[in-house]
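Remarks on the overall topology
These are the residues of each chain, in order.
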Amino acid sequence: MFNLIIFGAPGSGKGTQSAKIATKYHFTHISTGDIFRKEIKNQTPLGKRVKEVIDSGHLVSDELLIEIIEKAMDDDDNSHGFIFDGFPRTLRQARDMDVMMHRHKECVSLVLALDVDRQEIIARLLNRAKEQGRVDDTEEVICKRLEVYQNQTSPLIDYYKNQGKFISINGVGTLEGIFAEICRVVDPYLAVN
Ligand code: AMP
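Everything quoted here is computed from the prediction, not taken from an experiment.

A look at unusual backbone geometry
A cis amide bond, omega -5°, links Phe 87 with the succeeding residue Pro 88. Following the sequence through the fold, Pro 88 ends up in the loop between β3 (81-85) and α5 (91-103). One non-glycine residue, His 26, lies in positive phi territory at about 60°. Structurally, the position occupied by His 26 is in the loop between α1 (14-25) and β2 (28-31). With relative accessibility at 58%, the residue His 26 sits in the exposed group. Here the phi dihedral of Gln 43 falls at roughly 50°; this positive angle occurs in a residue that is not glycine. With respect to the secondary-structure elements, Gln 43 resides in the loop between α2 (32-41) and α3 (45-55). The class for Gln 43 is exposed, based on a relative accessible area of 56%.

Structure representation (structure tokens):
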């Protein structure tokens, strides 16, 4: 089973590229942000619990995340690959994920990072705010989310580099150009695995 983490700052294009990867390789796309937005929209107990945290740009507590991921994987246990978009976001989540994967006799296959500079990220997020009207895309919340990314998520780069699983690609360019680059990295893994 191929377990791919797509990594990058908010606005780096993870969601868009994950959807394309999922279609091409027939992977199940697990986006924790999408899962939370759906729960909030449906006003479920989980949605009500996380709404305020998400609207403020902070992270949902680690304990909730691994449960959500495990459930999403169980829901699609015939899948021959998963793409994790927006997870893990903290060292604790990455370690929990390794333990959970190990229990299922699986492992993280590859961490593919979309590299986009800060100025471009802010411009994209402000634009997304206009187009999609996401509550967490206001200028103030964007700054908070980038700060959270810097402090809590970017340490994962070294975590996965130490495991020899981290590959970074240029996340600035055309959608198709970036996707072609992703495929160039992913294809050889699938040929071997
Ligand atoms: P995203 O669409 O991936 O940017 O996620 C939107 C929001 O959902 C984030 O700003 C967090 O508040 C929350 N969220 C999504 N994934 C995670 C995660 N792995 N850990 C904690 N919070 C998360």
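Alright, that's what it looks like, and here's the rest.
Regarding the packing of aromatic side chains
Taken as a whole and assessed by the stated rule, the structure comprises 7 aromatic pairs. Judged by centre distance (5.0 Å) and plane angle (85°), the rings of Tyr 159 and Tyr 160 are edge-to-face. Through a chain of ring-to-ring contacts, the aromatic side chains of Phe 2, Tyr 25, Phe 27 and Tyr 189 assemble into a single cluster. For Lys 20, the ring lying beneath its charged end belongs to Phe 179, and the centroid distance is 4.8 Å.

Structural notes on the side chain of Thr 90
By the element assignment, Thr 90 lies in the loop between β3 and α5. The buried category is assigned to Thr 90, whose relative accessible area is 6%. At 2.9 Å, the side chain of Thr 90 and the side chain of Asp 62 are in polar contact. A polar contact is formed between the side chain of Thr 90 and the backbone nitrogen of Gln 93, at a distance of 3.0 Å. Residue contacts for Thr 90: discarding those within four places in its chain leaves Leu 59, Asp 62, Gln 152 and Leu 156.

Thoughts on the nonpolar core
One finds Phe 36, Val 50, Met 73, Phe 84, Met 97 and Tyr 160 to be the most contacted residues of the largest nonpolar core, which totals 37 residues. Core analysis: the second largest hydrophobic core is formed by 18 residues, Ile 6, Tyr 25, Leu 110 and Leu 114 among them.

Quick look at the pattern of salt bridges
Summed over all chains, the structure comprises 13 salt bridges. Put simply, Arg 124 and Glu 120 hold a salt bridge, and the shortest N to O gap is 2.9 Å. Taken together, the positions of Arg 124 and Glu 120, both in helix α6 (residues 118-132) and 4 residues apart, correspond to about one turn of that helix. Look at Arg 124 and you get partly exposed, because its relative accessible area is 24%. We classify Glu 120 as partly exposed; its relative accessible area is 29%.

A word on the site of the ligand
For the ligand, the set of nearby residues contains 16 residues, the closest of which are Thr 32, His 58, Gly 86, Gln 93 and Arg 145. Side-chain polar atom of Arg 37 to an oxygen atom of the ligand: 2.9 Å apart, as the coordinates give it. In this structure, Val 60 approaches the ligand through a main-chain N or O atom, which is 3.1 Å from a nitrogen atom. Relative to its free-state accessible area of 480 Å², the ligand is covered by the protein chains to the extent of 96%. Element by element, the count of residues in the shell around the ligand is highest for α2, at 4 residues. In the shell around the ligand, the residues fall into 6 nonpolar, 5 polar and 5 charged.

Quick look at α2
Residues of α2 that are buried: Thr 32, Gly 33, Phe 36 and Ile 40. Seen end-on, α2 carries its buried residues on one side only, within an arc spanning 100°. Turned more than 90 degrees from where α2 packs its buried face, Lys 38 and Lys 41 sit exposed. Each element contacted by the buried residues of α2 is listed here: β2, α3, α4 (62-75) and β3. Immediately downstream of α2, the backbone of Gln 43 shows phi near 50°, a positive value.

Conventions adopted
- Residues numbered from 1 in each chain as written.
- Predicted model: local features only at pLDDT ≥ 70, side-chain atom pairs only at ≥ 80, totals over all residues.
- Heavy atoms only, no water.
- Helix = DSSP H or I, 4+ residues; strand = E, 2+ residues; numbered from the N terminus.
- Buried < 20%, exposed > 50% of the residue type's maximum accessible area, 1.4 Å probe, protein only.
- Phe/Tyr/Trp six-rings, centres within 6.5 Å; stacked < 30°, edge-to-face > 60°.
- Lys NZ or Arg CZ within 6 Å of the ring centre and 35° of its normal.
- Polar contact = N/O pair within 3.5 Å; in protein donor to acceptor, adjacent residues only side chain to side chain.
- Contact = heavy atoms within 4.5 Å.
- Core = buried A, V, L, I, M, F, W, Y, C linked by side-chain atoms within 4.5 Å.
- Salt bridge = Lys/Arg side-chain N within 4 Å of Asp/Glu carboxyl O.
- Near = heavy atom within 4 Å.
- Areas by Shrake-Rupley, 256 points an atom, 1.4 Å probe, with all protein chains shown as cover.
- Nonpolar A, V, L, I, M, F, W, Y, C, P; charged D, E, K, R; others polar.
- Arc of directions from axis to C-beta.

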